[in-house]
Structures are given as C-alpha cells and as structure tokens.
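Report on the structure
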Amino acid sequence: MTTTLRPERPEEPAPGGGRSRRWQICVNGRPVGALRTTALRRGDEWWGEISELVVSEGRRRGRATVGVLAAEEVLRGWDCTRVDVNVPVAAVPALRLAEMLGYTERMRNMVKPLGQLPVLPSGLTVRPTEGEAYDRWRAAARADYERDLRGSGLSAAQAAAKAEADNAHVLPQGARTPGVALRTLLDPAGTPVGTLWVALYQDVLPGGATLAWVMTVEVDRAQRGHGYGRALLLLAERECLAAGVGELGLNVFSTNEVAIGLYTSLGYAVTNRILGKQL
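Residues numbered from 1 in each chain as written. Predicted model: local features only at pLDDT ≥ 70, side-chain atom pairs only at ≥ 80, totals over all residues. Heavy atoms only, no water.

1. Concerning the overall build of the protein chain
- Of the regular secondary structure elements, the protein chain holds six helices and 13 strands.
- Computed over the C-alpha atoms, the radius of gyration of the protein chain is 21 Å, within 12% of the 19 Å expected from 2.2 N^0.38 for a compact globule of 279 residues.
- Projecting the C-alpha coordinates of the protein chain onto the three principal axes gives extents of approximately 70 × 40 × 30 Å.
- Taking all 279 residues of the protein chain together, 46% fall into the buried category.
- Across the protein chain, every contact between residues at least 6 apart in sequence was considered, and the portion connecting residues at least 24 apart equals 65%.
- Working note: accessible area of the protein chain is about 14100 Å², and carbon and sulfur atoms make up 52% of it.
- Charged side chains of the protein chain number 34 positive and 30 negative; the gap between the two group centres comes to 5 Å. (Helix = DSSP H or I, 4+ residues; strand = E, 2+ residues; numbered from the N terminus. Rg over C-alpha atoms; globule rule 2.2 N^0.38 Å. Buried < 20%, exposed > 50% of the residue type's maximum accessible area, 1.4 Å probe, protein only. Contact = heavy atoms within 4.5 Å. Areas by Shrake-Rupley, 256 points an atom, 1.4 Å probe, with all protein chains shown as cover. Lys, Arg positive; Asp, Glu negative; His and termini not counted. Charge placed at Lys NZ, Arg CZ, Asp CG, Glu CD.)

2. Description of the pairing of strand S9 (residues 180-186)
- Most of S9 sits inside the fold, with six of its seven residues counted as buried.
- Pairing of strand S8 (residues 125-128) with S9 involves four bridges; the strand directions are antiparallel. Across the sheet, Pro 128 pairs through a bridge with Arg 183, a residue of S9. (Pairing = 2+ DSSP bridges.)

3. Overview of the environment of Ser 265
- Locating Ser 265 in the fold gives a position in helix H6 (residues 257-265).
- A distance of 2.9 Å separates polar atoms of two side chains, one belonging to Ser 265 and the other to Arg 230. (Polar contact = N/O pair within 3.5 Å; in protein donor to acceptor, adjacent residues only side chain to side chain.)

4. Focus: the layout of surface pockets
- Put simply, the second largest pocket is a space of about 710 Å³.
- Contributing to the lining of the second largest pocket are 27 residues, with Leu 53, Ala 64, Pro 93, Ala 94 and Leu 97 lying nearest its centre. (1 Å grid on protein atoms, 1.4 Å probe; cavity = no way out; pocket = protein on both sides within 12 Å on 5 of 7 lines; lining within 4 Å. Points joined across faces, edges and corners; volume = space filled by probe spheres on them.)

5. Regarding the packing of aromatic side chains
- Enumeration over the complete set of coordinates arrives at three aromatic pairs.
- Seen from their ring centres, Tyr 134 and Trp 137 are 5.6 Å apart, and the 40° between their planes marks the pair as tilted. With Tyr 134 and Trp 137 both in helix H3 (residues 131-151), this residue pair falls three residues apart, about one helical turn. Here Tyr 134 matches Trp 137 in class, with each residue buried.
- For the pair Trp 137 and Trp 197, a centre-to-centre distance of 5.4 Å together with 85° between the ring planes defines the contact as edge-to-face. One end of the pair, Trp 137, is in helix H3; the other, Trp 197, is in strand S10 (residues 192-204), and 60 residues separate them in sequence. Judged on exposure class, the residue Trp 137 and its partner Trp 197 are both buried. (Phe/Tyr/Trp six-rings, centres within 6.5 Å; stacked < 30°, edge-to-face > 60°.)

6. As for unusual backbone geometry
- Phi at Glu 52 takes a positive value of approximately 55°, unusual for a residue other than glycine.
- Tracing the chain through its elements places Glu 52 in strand S5 (residues 45-55).
- A residue is classified by how much of its surface remains accessible, and Glu 52, at 42% relative accessible area, is partly exposed.
- Located in the positive-phi region is Asp 79, a residue other than glycine, with phi close to 70°.
- On the secondary structure map, Asp 79 appears in the loop between helix H1 (63-77) and strand S6 (80-88).

7. Some thoughts on helix H5 (residues 228-242)
- With 15 residues, H5 ought to run about 21 Å at 1.5 Å a step, and its terminal C-alpha atoms sit 21 Å apart, in line with that.
- Taken together, the buried positions of H5 are Tyr 228, Gly 229, Ala 231, Leu 232, Leu 233, Leu 234, Leu 235, Ala 236, Glu 237, Glu 239 and Cys 240.
- Backbone geometry just after H5 places Gly 244 at a positive phi near 80°. (Expected span 1.5 Å × (residues − 1).)

8. Some thoughts on the packing of H3 against helix H4 (residues 156-170)
- At a minimum axis separation of 9 Å, H3 and H4 run at an interaxial angle of 135°. In terms of axis orientation, H3 runs oblique to H4. Judged by the sense of rotation from one axis to the other, the crossing of H3 with H4 is right-handed. Within the contact between the two elements, H3 uses Arg 138, Arg 142, Tyr 145, Glu 146, Leu 149 and Arg 150 and H4 uses Ala 156, Ala 159, Ala 160, Lys 162, Ala 163, Glu 164, Asp 166, Asn 167 and Ala 168.
- When grouped by side-chain class, the residues that make up the contact of H3 with H4 number seven nonpolar, one polar and seven charged. (Axes fitted to C-alpha atoms, helices over the stretch in contact; angles between N-to-C directions. Parallel < 35°, antiparallel > 145°, perpendicular 65-115°, else oblique. Left-handed = near helix turned anticlockwise from the far one by under 90°. Nonpolar A, V, L, I, M, F, W, Y, C, P; charged D, E, K, R; others polar.)

9. Side note on the pattern of salt bridges
- Summed over all chains, the structure comprises 22 salt bridges.
- Of the charged contacts, one joins Arg 76 and Glu 73 as a salt bridge, the two residues approaching to 2.6 Å between their closest N and O atoms. Highlighted residues: Arg 76 and Glu 73, both in helix H1, separated by three residues, approximately one helical turn.
- Of the charged contacts, one joins Arg 147 and Asp 144 as a salt bridge, the two residues approaching to 2.9 Å between their closest N and O atoms. Separated by three residues within a single helix, Arg 147 and Asp 144 lie in helix H3, roughly one turn from each other.
- Ionic contacts of the salt-bridge type, sharing partners, join the residues Glu 8, Arg 9, Glu 12, Arg 22, Arg 36 and Glu 52 into one network. (Salt bridge = Lys/Arg side-chain N within 4 Å of Asp/Glu carboxyl O.)

Right, here's the structure in full:
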C-alpha cells in the first residue's frame, strides 16, 4: 500500500506572507486522514507548523507517521528550516509519535479558570509600566525571551527572529497597545520589585468562555524568594476579572521547573505541549 498526501483544498495565505494548506492522507488514493501544513516567516527564515492531524481509518498502521514525514517534506519544499507541532495534553499517541520522530518538547500551555477576585498581599501596590520604565522593561523582556528561546533548542538567529516577530505582533503600539495590561509591582517601601504583562484580548473557547494570556511575569533578581511572583500572578487574575475574562492562560518553557511548580500550585493545568525540531 502507498500512503501519500493529496491537497484537500487550495493553498491559503498566512500572516506575514506565509502559506498554509490542508491535505488528505491517502492510502492507494483513498482518504484515511488529514493534516495541515503552515509556513511562517521568522526574520530571514521560514518556520513550519503541522496541525489538525487526524487519522480516521486504520489507526496504528503507521499512516500518521507517513503523513507527518510527508508534511515535513512539504515544509522543506517551502524552504522551512524548523517545524513545530502543538499537541493537546490528552493526545498521548500523538505525543509519542512526535517524540519517536525526533521532536523535543520546548514549551507548555497552561490554563486556569478564574473564580473570585484574589486579594494582593498587604502593603503591595501597583502602577502602570510606562515611559522610560516601559523602554527598560521591553529591552530586558526581549533579551530574556531570546535567552529562553535559545535554551528551548532554537539557534541564536532563530531566537532573535522569533523575539522580534512576536514583539512586533503583540505590542505594535508599545505601552499604548489596546487590550494590554502592563503593570509594575511595588513593595511596602514603594520600591519596584517586578513587572507583569497580560494580553487581555479575549480568545473564545468552546462553550463560550473567554481566555486571556499572561505574556511575562518578571521579579527582580534581588527580590526573588519573597512571594512576589505569586503576587504578580494574582494581579494578572485581577486584571482579567476586571476585563470580564473567564480563564487565564500562559506559556512556560519546559525547562523552567520552578515556574511550572508555581503555576501548578496556583491552579493552572497543562492543556498543550509544543514540540519542534530542525528540518
């Protein structure tokens, strides 16, 4: 039997001049599944994504494996140098398949349903991050993000390109970008001890719930170990509830065990795992 990919629908444009296409996985010309390939520009490189993978007939016969390998060839033909897959936490067979094909986990999505308005620890105050403080924060946040991206397996050039693209996308108007909460946390003496960035745009989840995202939580190195990280996350919940958001998500690099432990203790649960490899 011969397993191949066949276009299911015409190629579609993707952001930044990218391209995307949905394919059927076929055995001897008969559809048994489907997937989507997407190419996105990251600086001077193209990155690939494989998504929407499903095998509807004949599972455990290697059809998903052949489909993914064929999708990688499509992405190489689109000049992609790297490919990522986003695997729901419940899709254990898909996670095993990705690992078998050489993908390594670099990031996790975690989500928390929001309830009552949390109370910040006594004596802590909050102010907007703006002006020169914003400029310093953004430069430091980008440098930290690049470092974490390199630690997750990206090359220096890939990390720099992704950091630039992501920052341009989510903060196009800087501190004045609509739907963004940029806050600085101050200790009882009025000294800045950490910063918070929450994207309050509301993704709509199945069932109608709304979801916002914690983009960065940063505590000054000299102030770590005093519970300020937890306080900043409680502040993020307050910002979301004030904006009418029902759930709060965040991304965490898989190597950051301290952060994962903190998020788990606050009620966040893993929903997706992001794995990737060089092509």
